[in-house]
Amino acid sequence: RELYDCAAAAAAACGHRDAEARMRGQLARTAIDRGDFEEATSAMRKAQQLAERTENPNLVASLTEWSGVLHVAKGDYGEGVAAFRTARAAFEALGNTRGVALQDYHDGRTLILAGSPEAAIVRLVSAAKLVDAAQDQLTYGRVQLRLGQSFSAAGDLSSAAAAVSG
């Protein structure tokens, strides 16, 4: 936490809004991990306000994604899905395929939590098609595990096994 506070202060002192916004976003992520949703919300609000005043649309989209992560952590799945879909549209407009894939992953993961495994399968299949398994093994593995979880929750155990084994 102190690291991101210090980095955000240094970026602000140097007038680097992009870096300050990103560090405040990271501060929000650490607060989410600690379960301190009040601090996370405050840091995220500051980060997004700063990002809106930059000319960095990838940063704005990333912070929209992170706000979705915050909503999901608080159990507000509908707001989380809405944030991921907003970020997805932004990443798609920017031609950022990995960003699109990550939003589909987050969307699918959230739909699992919300009890909609069939809808999750659609989003996760899309993510799997977009992620380059050779270039991003970690994300590909995460997508496949969530896809297996979705198939299992939907009662399709053979597809679940295929997703997690390949």
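In short, a report on the structure. Every value quoted in this text rests on a predicted model; they were computed, and no experiment measured them. (Residues numbered from 1 in each chain as written. Predicted model: local features only at pLDDT ≥ 70, side-chain atom pairs only at ≥ 80, totals over all residues. Heavy atoms only, no water.)

### Notes on the packing of helix α2 (residues 17-34) against helix α3 (residues 37-52)
Applicable threshold: For every element, the axis is a line fit to its C-alpha atoms; helices are fit only across the contacting stretch, and the angle between N-to-C directions ranges from 0 to 180 degrees. By definition, any uninterrupted DSSP run of H or I lasting at least four residues is a helix, any uninterrupted run of E lasting at least two residues is a strand, and each is numbered from the N terminus. For classification purposes, angles smaller than 35 degrees are called roughly parallel, those larger than 145 roughly antiparallel, those between 65 and 115 roughly perpendicular, and all remaining angles oblique. For any helix crossing, the convention is left-handed if the near helix is rotated counterclockwise from the far helix by under a right angle, and right-handed if that rotation is clockwise. Contact definition: two residues touch when any of their heavy atoms are within 4.5 Å. Classes in brief: Ala, Val, Leu, Ile, Met, Phe, Trp, Tyr, Cys and Pro nonpolar; Asp, Glu, Lys and Arg charged; the others, Gly included, polar.
Following both chains from N to C, one finds α2 and α3 inclined at 160°, their axes separated by 8 Å at the closest point. Comparing their axes, α3 and α2 come out roughly antiparallel. In this structure, the crossing between α2 and α3 has a hand that is left-handed. Contact with α2, carried on its side by R17, E20, A21, R24, G25, L27, A28, A31, I32 and R34, involves F37, E39, A40, A43, M44, K46, A47, L50 and A51 of α3 and no other residues of that element. Of the residues belonging to the contact of α2 with α3, the class tally is 12 nonpolar, 1 polar and 6 charged.

### Regarding helix α8 (residues 137-153)
Using the following cut-off: The span one expects for a helix is its residue count, reduced by one, times 1.5 Å. Working definition: with a 1.4 Å probe on protein chains only, accessible area under 20% of the residue-type maximum means buried, over 50% means exposed, and in between means partly exposed.
An ideal rise of 1.5 Å per residue puts 24 Å on 17 residues; α8 measures up with 24 Å between its terminal C-alpha atoms. Of the residues making up α8, those classed as buried are T139, V143, Q144, L147, G148, S150 and F151. In this structure, the buried residues of α8 make contact with α6 (97-113), α7 (117-130) and α9 (157-165). One or two residues past the end of α8 sits G155, with phi positive at roughly 90°.

### A look at the side chain of Q103
Where we set the bar: For this analysis, a polar contact is any N or O atom pair within 3.5 Å, provided that within protein one partner can donate a hydrogen and the other can accept it, and provided that sequence-adjacent residues contribute only side-chain to side-chain pairs.
Inspection of the secondary structure puts Q103 in helix α6. When its relative accessible area of 1% is taken as the criterion, Q103 is described as buried. Only 2.8 Å separates the side chain of Q103 from the side chain of E65, close enough to count as a polar contact. Excluding residues that lie within four positions of it along the chain, Q103 makes contacts with E65, F84, A87, R88 and F91.

### Quick notes on the pattern of salt bridges
We apply this condition: Note on definitions: salt bridges are taken to be side-chain nitrogens of Lys or Arg within 4 Å of carboxyl oxygens of Asp or Glu.
What the rule picks out here adds up to 9 salt bridges. For E20, the salt bridge goes to R24, with nearest N and O atoms at 3.1 Å. With a gap of 4 residues between them, E20 and R24 both fall in helix α2, about one helical turn apart. Considered together, E20 and R24 belong to a single accessibility category, that of buried residues. Sharing partners across several salt bridges, the network here consists of R85, R88, E92, D104, D107 and R123.

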